[in-house]
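Take a look at the letters that make up each chain.
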Amino acid sequence: MASTWSFQVTLICIFLFMGLSFAGDPFKFFNFEVSYIDASPLGVSQQVIAINGKFPGPTMNVTTNDNVVVNVRNKLDEELLLHWSGVQQKKTSWQDGLPGTNCPIPPKWNWTYQFQVKDQIGSFFYFPSLHFQRASGGFGGITINNRGEIPIPFDFPYDDITIMIGDWYTRNHTSLRSTLLAGKDLGKPDGVLINGKGPYRYNETIVPDGIDYETITVHPGKTYRIRVSNVGISTSLNFRIQNHNLLLAEAEGSYTVQQNYTSLDIHVGQSYSFLVTMDQNASSDYYIVASARFVNQSQWQRVTGVGILKYTNSKGKAHGPLPEPPQDDFDKTYSMNQARSIRWNVTASGARPNPQGSFRYGSINVTEIYVIQNKPPTMVDGKRRTTLNGISFVNPKTPIRLADQYKLKGVYKLDFPAAPLTGPPKMETSVINGTYRGFMEVILQNNDTKVHTYHMSGYAFFVVGMDYGVWSNNSRGTYNKWDGIARTTTQVFPGAWTAILVSLDNVGIWNLRTENLDSWFLGQETYIRVVNPEPSNKTELPMPDNALFCGQLSKLQKPQDISYATSIRGNESKFSFMMLLLLLVTATFAVFQ
């Protein structure tokens, strides 16, 4: 009797397991413990933010349409949010990990993110979005691979390599934050890191002894896909590998027309992937370099990241001077022309089998226009602040998305100006009222003295034009209306403009900001509110079961909610299958006792 029952239960378990395995899209689970560790990337001991004890954090390797579940344990001494920069969060703006969408995770608490990387491929990264924490680390790569049935527009590479580059200070984020709040500039960074490590000692007078540097080992003759993200604070970097060509293949989720570069400018917040063939002889190792752009090279010599590319049959150390960067320190025309040369591959399939070029953005009527101008820091209400269109954004204590859900009044204003305001700047929570399924044109006008990069959550936008001077209606005649790259972060050169087009088909509250961390921290951002006038689970999933409460809604938060925090909204059937399977397996074992 017992054996018959156990056999029946086993069969049921097998069928349930098969149903669970093949029903819907796969799940990928991650556990992130966010904590401080001591490190010395530039030879000076300091406190950095690690994920699972690693700095940088682990690369999240997922596939198009995977359901991603990330359980975050906050072991910092301050609140935390993780932002998945470039992940479009289709239907799930609740998971974006920014103060306009989420209440922060308190110290010693858990919170679980769940989102789907729906119809996306490409190279992105995650980072902590509160309190200037990114300046101390907490970042890591996100790789979204094609599904097997969707071809990629190049031969499959031998291996995949993720590289995080960025400027770095030996002071931690709390010290840098205090400097900004005191109304001062951060000053020149102390160095540039490559994968959390300092420079190889290519010059004994510039680089001190004993610094740990990054070494990437490769096989001769093989082609690698190298994904590079600038996760720094505010420095544009030029990336290059000695004696190797960089065949550009993808930029933040869009396959590019493949072109060879000897070096490429990667601005703050941007990500690219290159195909690099190891076609040099193995007489020596080769330098990997990330150096600051548009600076006085003699003064910034120490602010250069240097790693080593090592062939498995290498016969010696890298030698000679570093490969030269573009010789245009005070003329940004070369860099702008390089940016214009990056084009969308309109014949390649993206995350779906239909060609990307089937979306004819150049023939869609624009429904709303915003000319958004930044300026250098200025005094607003007695504080040193940064602005967009004369408004320095103030994050409300109650996130905008949560305020909408509970129909709270007075949390924000839907009055962000479509053009720069006249008169003195002001501090407000002013938001753009986007039209669902509208087609928005945004002109980013940089009146600062440094390069800025701008990022928009929830979307990939089309970069259709950039030039020096002041944008006017006549500037539209220079737009690329066919194969402008679709990406999430674009550079805007000082004294210049960049125009982007975006289709507002993703419901939610979406951040538009400068990626320059110091300017972002001081108020250079806003949000775009996109609401479907006919609410439906088809355009946005309900508020997750484990939503945190703060601000005006803090009384709704129960401490015991957090220890069991999960987010299974929209996947209740899978969760039920798993629970039933667990019960049946338990019953099987009980029969044999």
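Just above, that's the structure.
What counts, and where the lines are drawn
- Residues numbered from 1 in each chain as written.
- Predicted model: local features only at pLDDT ≥ 70, side-chain atom pairs only at ≥ 80, totals over all residues.
- Heavy atoms only, no water.
- Disulfide = S-S within 2.5 Å.
- Helix = DSSP H or I, 4+ residues; strand = E, 2+ residues; numbered from the N terminus.
- Buried < 20%, exposed > 50% of the residue type's maximum accessible area, 1.4 Å probe, protein only.
- Pairing = 2+ DSSP bridges.
- 1 Å grid on protein atoms, 1.4 Å probe; cavity = no way out; pocket = protein on both sides within 12 Å on 5 of 7 lines; lining within 4 Å.
- Points joined across faces, edges and corners; volume = space filled by probe spheres on them.
- Nonpolar A, V, L, I, M, F, W, Y, C, P; charged D, E, K, R; others polar.

S.K.: What's the story with the state of the cysteines in this structure? I'm lost.
M.R.: Within this structure, the stated rule accounts for 1 disulfide. For C103, the disulfide goes to C550, at an S-S distance of 2.1 Å. Taking the torsion about the sulfur-sulfur bond, which here is approximately -85 degrees, the covalent link between C103 and C550 counts as left-handed. Of the two residues, C103 sits in the loop between strand 5 (82–85) and strand 6 (110–116) while C550 sits in the loop between strand 33 (525–531) and helix 6 (560–563), which places them 447 residues apart along the sequence. A residue is classified by how much of its surface remains accessible, and C103, at 6% relative accessible area, is buried. C550 gets classed as buried once you look at its relative accessible area, which sits at 14%.

S.K.: Would you mind showing me how to read the pairing of strand 8 (residues 140–145) here?
M.R.: Within a regular beta strand, the side chains point alternately toward one face of the sheet and then the other, so they alternate between its two faces. The element strand 8 is extensively covered by neighbouring structure, given that 5 of its 6 residues are classed as buried. Where strand 3 (residues 60–63) lies against strand 8, 4 bridges are found, and the strand directions are parallel. Of the residues in strand 8, the one forming a bridge with M60 is I142. Two strands pair when backbone bridges link them, and strand 7 (residues 122–128) and strand 8 are joined in this way by 5 bridges, in the antiparallel orientation. Paired with S123 across the strands is T143, a residue of strand 8.

S.K.: Explain empty space enclosed by the protein to me, please; I cannot follow it from the model alone.
M.R.: Gaps left between atoms are located by rolling a probe of water-molecule size over the structure's atoms. Under the counting rule described, the total for this entry stands at 4 cavities of 30 Å³ or more. The calculated volume of the largest cavity comes to roughly 100 Å³. What lines the largest cavity is a set of 13 residues, among which N102, C103, W111, A547 and L548 lie closest to the centre. Here the lining of the largest cavity is built from residues that sort into 11 nonpolar, 2 polar and no charged. Looking at the second largest cavity, its volume works out to about 70 Å³.

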